[in-house]
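Descriptive structure summary
One-letter residues, chain by chain:
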Amino acid sequence: PQGITFAPDGSLYITEHGPSDNDELNRVETGRNYGWPNVRGRCDGDAGPGENTFCQANNVAEPLAAWSPTIAPAGLAYYDGTLIPQWRGSLLFTTLKEAALHRLALSTDGRSIQASETLFEGTFGRLLAVLVAPDGSVYLGTSNKDGRGAPMPTDDRVIRIRPS
């Protein structure tokens, strides 16, 4: 797991790196199995011939979303603010490899993704952290000076996102 957040109703969500494929966004539920290392992403057989059998026998919860090739998800936050009303009820997560902020609009019950968008891809470099402030502003933290990114003179930094 890389990012973790709670929704106002207490639902727990996490972002996870896959080994080289199937990065995931999961809604964590008590008593469920999330498959690792026998399952990568969905129960679709891509982790080998025993994956589907393992899923059926172990109450595996499939991710709400999965990405292949990997995008290296990192920080995760739930947006319940009013400053950016179109983001309300969404999960926001940052990516290192893709250098983007993802917004995933949740269904009313929080069990599925209704819409998604990728924002700021490549604009700020690798994005590590995301935080929703009490006023509804969103803060992003970059991670370019760890030997993996392409640092610019203004890295690393904290970026405030809000309507103009």
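The text that follows walks through the structure, step by step, so that each part is easy to find. (Residues numbered from 1 in each chain as written. Predicted model: local features only at pLDDT ≥ 70, side-chain atom pairs only at ≥ 80, totals over all residues. Heavy atoms only, no water.)

Bringing the packing of aromatic side chains into the picture now. All chains considered together, the criterion is met by 3 aromatic pairs. Summarising the aromatic geometry, the rings of Y79 and W87 are spaced 6.0 Å apart at their centres and angled 85° between planes, so their arrangement reads as edge-to-face. With relative accessibility at 0%, the residue Y79 sits in the buried group. On the basis of relative accessibility, which here comes to 7%, the residue W87 falls in the buried class. Measuring from ring centre to ring centre gives 5.6 Å for F120 and F124, while their planes differ by 45°; the resulting arrangement is tilted. (Phe/Tyr/Trp six-rings, centres within 6.5 Å; stacked < 30°, edge-to-face > 60°. Buried < 20%, exposed > 50% of the residue type's maximum accessible area, 1.4 Å probe, protein only.)

Next up on the list: the state of the cysteines. Applying the stated criterion across every chain yields a total of 1 disulfide. Across the disulfide, C43 is cross-linked to C55 (sulfur-sulfur distance 2.0 Å). The S-S bond linking C43 to C55 shows a torsion near -90°; that makes this disulfide left-handed. Within this pair, whereas C43 is found in the loop between β3 (23-28) and α1 (51-57), its partner C55 is found in helix α1, the two being separated by 12 residues in sequence. C55 sits in the buried class, given a relative accessible area of 9%. (Disulfide = S-S within 2.5 Å. Helix = DSSP H or I, 4+ residues; strand = E, 2+ residues; numbered from the N terminus.)

In this structure the tally under the stated criterion is 7 salt bridges. Where E29 meets R27, a salt bridge forms, and the shortest distance between an N and an O atom there is 2.8 Å. For E29, a relative accessible area of 22% translates into the label partly exposed. The exposure class assigned to R27 is buried, which follows from its relative accessible area of 14%. Across the pair R103 and E117 runs a salt bridge, and its minimum N-O distance is 2.7 Å. Separated by 14 residues along the polypeptide, R103 in strand β7 (residues 101-106) and E117 in strand β8 (residues 113-119) bring together distant segments of the chain. Since its relative accessible area comes to 29%, E117 is described here as partly exposed. (Salt bridge = Lys/Arg side-chain N within 4 Å of Asp/Glu carboxyl O.)

This part covers the sheet that holds strand β4 (residues 65-67). Reading across the sheet, the 4 strands line up as β1-β2-β3-β4 and stay open at both edges, with antiparallel pairing between neighbours. A single partner strand is all that each edge strand has here, and the edge strands are β1 (3-6) and β4. Pairs of neighbouring strands in the sheet enclose a mean axial angle of 15°, with direction left out of account. (Pairing = 2+ DSSP bridges. Axes fitted to C-alpha atoms, helices over the stretch in contact; angles between N-to-C directions.)

The next subject is the environment of N38. Looking at the element boundaries, N38 is found in the loop between β3 and α1. Sequence separation between N38 and N52 is 14 residues, and the spatial gap between their C-alpha atoms is 9.4 Å.

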